[in-house]
Amino acid sequence: MPSLQRRKTIGLCLNEKKKRKLGFHVFEELCRNHGYSVIDIDLTQPISSQGTFDLIIHKISDLLVEAGQDLASHHLVQRLQVYLDTHPYTVLLDPLPALHILLDRFQSYRLLHTLESYSQGSSGIFSPPCVELVTKNCDVVTLVRTRLTFPLICKTRLAHGPRSHQMSLIFNEGGLSEVKPPCVLQSFINHNATLYKVFVVGSQHFVVQRPSLRNFPLGETDQSTIFFDSNQVSKAESCSYLSEAVPSTGVAAPSDSVVNQVVQGLREALGMSLFGVDLIVDTKTGRVAVIDVNAFPGYDGVAGFCSALFSHVEKVLNIGNKASATSSESSETHQPSEHAGLQALGSFRGTRLSEQWPRQTLSPKIYKKDITRHPYIDLRAQAVSTDW
Ligand SMILES: O=P(O)(O)O[C@@H]1[C@@H](OP(=O)(O)O)[C@H](OP(=O)(O)O)[C@H](O)[C@H](OP(=O)(O)O)[C@H]1OP(=O)(O)O
Ligand SMILES: Nc1ncnc2c1ncn2[C@@H]1O[C@H](COP(=O)(O)OP(=O)(O)O)[C@@H](O)[C@H]1O
Ligand SMILES: [Mg+2]
Ligand SMILES: [Mg+2]
């Protein structure tokens, strides 16, 4: 139970590289100047002995991926999960079930297509058609012929880690022989080599323009497959031969209302506060394609990241105060924020997700059974209902 007297304590599970890139000392200073304790959590030690945490900010994507092959990493993640299960008032930014979805492009794109299906295309927002190649035995040619249009972009299923940005552009059926499942094949959308990265921090978001892949002739051509690393294409400083922009045909940037719809839809579906969304504008139709969702991205280009994060943390901790104050009067228990998003989605004109994924279903089952094999969280269409 959070004490209203105790100094609020924020735990960090972030590596030094991430903290340095984000200039995280600014955030830590803001916290301490406003009376919060900030403690780096060592997951190799019992967490309770390191503090009583009101909120934990983390990016343990590496650990979640390693935990699939490595028991020691699995135990570290489980230690965090047990702490959260035994400290229901501790807010986690961001909830682990949502991170599992974003670690797996199959699940991310299922979510994006589900969100799109609820807008019936009325919002001008879509996720490019894609097919999931689980093993080499898939009939990839038939799948491509029936669902996709050339050129295609091929992405690894795993969305995080060094290999996760190794991609290829495929221009004909001959090129399909080179794909290495598990991977996603997605129709390539011409977008004038312009990418819009939307960085979300709580209720705020920031749009940053970035270089991207240039246009290619639509339909099958005899161009051989192009292999590339997306980190060489879409960083602010990228100047890859692949990102030469064709003279822009004046396709406008996504409108504020479209960006708001995408952010709101994902915020409620995932229950996350710190995520990034990559948008491109189809030069043919002007529709906005959602092509990537990232947990706790780099926020490169967002000068006010630390102050935005601090104001979000203050808001969350104050809500926690109010919740514990009311719950000490009433019998109901405070729903930890990790399911707030799923709950919100459920109450967001759809089946109440909590009826389908009550806490005991999401946490122990996943974390006892298959935490590290990117558990399949089936986002059944009927469970998701939000407007785009
Ligand atoms: O390369 P960075 O630091 O700018 O940030 C990466 C992000 O690039 P961005 O700044 O948004 O263009 C990057 O975004 P993209 O996937 O490249 O669109 C990821 O968010 C990446 O995290 P992860 O490896 O997917 O867990 C982010 O990597 P980490 O910084 O979290 O390791
Ligand atoms: N369907 C697509 N059509 C056109 N370009 C795409 C498409 N998907 C991705 N891209 C390009 O490839 C880059 C990397 O793809 P993305 O899905 O964002 O992977 P990553 O997680 O590595 O950033 C994007 O920044 C964009 O330039
Ligand atoms: Mg991306
Ligand atoms: Mg990504």
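Here, every reference points to the structure presented above.
What comes next is a walk through the structure. (Residues numbered from 1 in each chain as written. Chains lettered and ligands numbered in written order. Predicted model: local features only at pLDDT ≥ 70, side-chain atom pairs only at ≥ 80, totals over all residues. Heavy atoms only, no water.)

## Observations regarding the pattern of salt bridges
Test applied: By definition, a salt bridge exists where a carboxyl oxygen of Asp or Glu is found within 4 Å of a side-chain nitrogen of Lys or Arg. Think of it this way: any DSSP run of H or I at least four residues long counts as a helix, any run of E at least two long counts as a strand, and we number them from the N terminus. Remark: exposure states derive from per-residue accessible area (1.4 Å probe, protein chains only) relative to the maximum for the residue type, with buried under 20%, exposed over 50%, and partly exposed in between.
Per the stated rule, a full pass over the model turns up eleven salt bridges. R110 is the partner of E132 in a salt bridge, and the nearest nitrogen-oxygen pair spans 2.9 Å. Here E132 is found in strand β6 (residues 130–133), whereas its partner R110 is found in helix α6 (residues 105–119), with 22 residues between them in sequence. The salt bridge partner of R210 is D300, with a shortest N-O separation of 3.8 Å. With R210 in strand β11 (residues 204–211) and D300 in the loop between β14 (288–295) and α9 (305–329), the pair connects residues that are 90 residues apart, well separated along the chain. Relative accessible area serves as the criterion here: at 6%, R210 is assigned to the buried category. Among the charged side chains, a network of salt bridges with common partners joins E16, K19, E28, R32 and D40.

## Observations regarding the site of ligand 1
The line we're drawing: Residue proximity to a molecule or strand is established when one non-hydrogen atom of the residue lies within 4 Å of it. Under the rule applied, a polar contact is a pair of N or O atoms within 3.5 Å (in protein, one hydrogen donor and one hydrogen acceptor; residues adjacent in sequence only if both atoms are side-chain atoms). In short, Shrake-Rupley with a 1.4 Å probe defines the accessible areas, and a residue's cover is counted only from the protein chains shown. Under this grouping Gly is polar, as are all residues other than the nonpolar Ala, Val, Leu, Ile, Met, Phe, Trp, Tyr, Cys and Pro and the charged Asp, Glu, Lys and Arg.
Looking at ligand 1, there are 16 residues lining it, with K21, K59, H160, K197 and K235 nearest. Between ligand 1 and K59, the relevant distance is 2.5 Å, taken from an oxygen atom to a side-chain nitrogen or oxygen of the residue. Take G298: an N or O atom from its main chain is 3.3 Å from an oxygen atom of ligand 1. Expressed as a share of its isolated accessible area of 590 Å², the protein-covered part of ligand 1 is 83%. If you list the elements that add at least two residues to the shell around ligand 1, you get α1 (16–22), β10 (194–201) and β14. In the shell around ligand 1, the residues fall into four nonpolar, four polar and eight charged.

## Regarding the nonpolar core
Applicable threshold: Definition used in this section: a nonpolar core is a set of buried Ala, Val, Leu, Ile, Met, Phe, Trp, Tyr and Cys residues joined via side-chain atoms within 4.5 Å. When checking whether two residues touch, look at their non-hydrogen atoms; a contact exists if any pair is within 4.5 Å.
Counting residues in hydrophobic clusters, the biggest one holds 51 residues, and the most contacted among them are L43, L266, L270, V277 and L279. Of all the elements in the fold, those that place two or more residues in this core are α3 (61–66), α4 (71–86), α5 (96–103), α6, β10, α8 (256–270), β13 (274–281) and β14. With seven residues, the top contributor of residues to this core is α8. Apart from residues lying up to four places away in sequence, V277 is in contact with Y196, K197, V198, V262, L266, V290, D292 and V293. One finds L12, F27, L93 and F310 within the second-largest nonpolar core, a separate group that totals 28 residues.

## Some thoughts on α5
Most of α5 sits inside the fold, with eight of its eight residues counted as buried. What α5 keeps buried is the set L96, P97, A98, L99, H100, I101, L102 and L103.

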